[in-house]
Amino acid sequence: RVDPLIVAAAERFLGDYDEGVRNGAVEAMAAQGGDAARKPLLVALKDPREESTRIRGRIAEIFAQRRWPVEDDDGTFATRVPGGFRLSDGRLQSLR
């Protein structure tokens, strides 16, 4: 069941210290339709404190599948694109 309140509720867990909790938040957001999760997931993906390759890879996969744009105005994200993906024309593409 798609519920717009789920994204808002899950967003606060993207910064949790526990990787499993952060992953659960990402998956809850991924299960929702529409674009409501794009901005909070982009913030999480670009956060230099997020070191989990599992979480960064899953968020990148969501962006690639949904063809969501990735703003990289200052060019810093281009150096942190998760392995297996590339940034092309403002969108992530899977290399797999």
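Residues numbered from 1 in each chain as written. Predicted model: local features only at pLDDT ≥ 70, side-chain atom pairs only at ≥ 80, totals over all residues. Heavy atoms only, no water.

### Topic: the overall build of the protein chain
What counts here: Helix and strand assignments come from DSSP, with helices taken as H or I runs of at least 4 residues and strands as E runs of at least 2, each series counted from the N terminus. Classification of residues uses two cut-offs on accessible area relative to the type maximum, computed with a 1.4 Å probe and protein chains only: under 20% is buried, over 50% is exposed, and between them is partly exposed.
Check the secondary structure of the protein chain and you find 4 helices and 2 strands. In the protein chain, the succession of α and β elements from N to C terminus is α-α-α-α-β-β. The principal-axis extent of the C-alpha atoms belonging to the protein chain is close to 30 × 25 × 25 Å. Counting only residues that meet the buried cut, the protein chain has 40% of its 96 residues in that class.

### Focus on the layout of surface pockets
As a reminder of what qualifies: With a 1 Å grid spanning the protein atoms alone, the term cavity applies to any set of points in which a 1.4 Å probe fits but cannot get out, the term pocket to an open set with protein on both sides within 12 Å along at least five of seven lines, and the term lining residue to any residue with an atom within 4 Å of a point. Grid points are joined across faces, edges and corners, and a volume is the space filled by probe spheres set on the points. Charged means Asp, Glu, Lys or Arg here, nonpolar means Ala, Val, Leu, Ile, Met, Phe, Trp, Tyr, Cys or Pro, and polar covers whatever is left, Gly included.
By volume, the largest pocket is sized at about 210 Å³. For the largest pocket, the full set of lining residues is Leu-14, Gly-15, Asp-16, Arg-22, Pro-40, Val-43, Ala-44, Asp-47, Arg-49, Glu-50 and Glu-51. It is helix α3 (residues 38–46) that contributes the most residues to the lining of the largest pocket, 3 residues altogether. A breakdown of the residues in the lining of the largest pocket according to their chemical character gives 4 nonpolar, 1 polar and 6 charged.

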